[in-house]
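# Residue-level structure breakdown
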Amino acid sequence: MTPSLTIAIDGPAASGKGTIARQVAVRYGLRHLDTGLLYRAVAVLCAREGVTLEDAAAAGQRAAHLVPADLEGDGLRSAAAGRGASVVAAHPSVRASLLRWQRDFAEKAPGAVLDGRDIGTVVLPDARAKLFITADPDVRAARRWRELSASRDIAYRDVLRDIEERDARDAARTNAPMRQADDAILLDTTDMTIKAAVAEAVRLIDTRLAV
Ligand code: CDP
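The rules we used
- Residues numbered from 1 in each chain as written.
- Predicted model: local features only at pLDDT ≥ 70, side-chain atom pairs only at ≥ 80, totals over all residues.
- Heavy atoms only, no water.
- Helix = DSSP H or I, 4+ residues; strand = E, 2+ residues; numbered from the N terminus.
- Rg over C-alpha atoms; globule rule 2.2 N^0.38 Å.
- Buried < 20%, exposed > 50% of the residue type's maximum accessible area, 1.4 Å probe, protein only.
- Contact = heavy atoms within 4.5 Å.
- Areas by Shrake-Rupley, 256 points an atom, 1.4 Å probe, with all protein chains shown as cover.
- Lys, Arg positive; Asp, Glu negative; His and termini not counted.
- Charge placed at Lys NZ, Arg CZ, Asp CG, Glu CD.
- Near = heavy atom within 4 Å.
- Polar contact = N/O pair within 3.5 Å; in protein donor to acceptor, adjacent residues only side chain to side chain.
- Phe/Tyr/Trp six-rings, centres within 6.5 Å; stacked < 30°, edge-to-face > 60°.
- Lys NZ or Arg CZ within 6 Å of the ring centre and 35° of its normal.
- Pairing = 2+ DSSP bridges.
- Axes fitted to C-alpha atoms, helices over the stretch in contact; angles between N-to-C directions.

## Considering the overall build of the chain
Across its full length, the chain carries 9 helices and 5 strands. N-terminal to C-terminal, the α/β element order of the chain is β-α-β-α-α-α-α-β-α-β-α-α-β-α. For 211 residues, the compact-globule estimate of 2.2 N^0.38 gives 17 Å, and the C-alpha radius of gyration of the chain, at 16 Å, lies within 12% of that figure. Overall, the chain is about 50 × 40 × 30 Å in size when its C-alpha atoms are taken along their principal axes. When the 211 residues of the chain are sorted by exposure, 51% land in the buried category. Once local pairs closer than 6 in sequence are excluded, the contacts in the chain between residues at least 24 apart make up 76%. Entry remark: accessible area of the chain is about 10300 Å², with carbon and sulfur atoms responsible for 54%. Here the chain carries 30 positive and 29 negative side-chain charges, and the mean point of each set is 2 Å from the other.

Spelled out as structure tokens, the structure:
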């Protein structure tokens, strides 16, 4: 069996990794999984069913029974879903169930681009190419504020605070914290347009795939 080509793209909240990963997948003819959506879906299911996000066993149950339709629901992209995602993401039972889902997705031919927080370190440690995408917090908050404010009234300072709190929680958890893998290439998109960032990501991945 030909091994699938896998590419890992990690980084903090609103760093542009999702947009970059989507376009990188198109460029290399691979499938794409935004793994943040899995954690967001677990948080939304808990909220809908009145389960407190701190209840690790109940959140783990939701993660174990997640179905693809859960990733399409309304509200997954909201700030509240992002906050909830970073709470349930700290539960080992949730991460264990979602790990299996992510690896199953990545193994199918022709391979995939996964973006998240622990793809290069835990989910796909043998990925052929790994990027860690970052940008200054105020630039990330401004990008996210533009997205969110298109559909609802939201203050920039709340978006910035939310991103900073989430980054701190994601980096501090003991189980699969957000971290740049030792063999990942750092791409700082602070001063880049999204078009330039995608072009640079493809250039960096090409250098890895050529080895
Ligand atoms: O789009 P954004 O960067 O704001 O967040 P996301 O990628 O949708 O992830 C939402 C939350 O899910 C993160 O803050 C993490 O707590 C969690 N997450 C994770 O723990 N591991 C991943 N591989 C992806 C997301």
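From this point, things continue past the structure.
## Description of the site of the ligand
In the vicinity of the ligand, 18 residues are found, and the nearest of them are Lys-17, Arg-40, Arg-144, Arg-166 and Asp-170. Thr-35 has a polar side-chain atom sitting 3.0 Å from a nitrogen atom of the ligand. Arg-40 places a side-chain nitrogen or oxygen 2.6 Å from an oxygen atom of the ligand. Here the ligand has 520 Å² of accessible area as a free molecule, and 97% of this is covered by the chains. Put simply, the parts of the chain that give the shell around the ligand at least two residues each are helix H2 (36–48), helix H4 (79–88) and helix H8 (156–172). The biggest single contributor to the shell around the ligand is H2, with 3 residues.

## A look at the packing of aromatic side chains
Applying the stated criterion across every chain, the model contains 0 aromatic pairs. Here the guanidinium or amino end of Arg-27 rests over the ring plane of Tyr-28, the centre of that ring lying 5.0 Å away. Over the ring of Phe-105 we find Arg-31, and its NZ or CZ is 4.1 Å from the ring centre.

## Looking at the environment of Phe-105
For Phe-105, the position within the fold is in helix H5 (residues 92–107). Take Phe-105: its relative accessible area is 18%, and that puts it in the buried class. C-alpha of Phe-105 to C-alpha of His-32: the two residues are 73 residues apart in sequence and 9.0 Å apart in space. Setting aside residues up to four positions removed in sequence, Phe-105 forms contacts with Arg-31, His-32, Leu-33, Ala-112 and Leu-114.

## Some remarks on the sheet that holds strand E1 (residues 5–10)
Strands sit in the order E2-E3-E1-E4-E5 across an open sheet of 5 strands; the sheet is parallel. Only two strands of the sheet have a single partner each, and these edge strands are strand E2 (31–34) and strand E5 (185–188). Strand-to-strand, the axes of this sheet are offset by a mean angle of 20 degrees, without reference to chain direction. Across 4 bridges, E1 lies against strand E4 (residues 129–134) in parallel orientation. Its bridge partner lying in E4, Ile-9 is registered against Leu-131. Seen against the sheet, H5 touches E1, E2 and strand E3 (111–116) and runs at an angle of roughly 145 degrees to E3.

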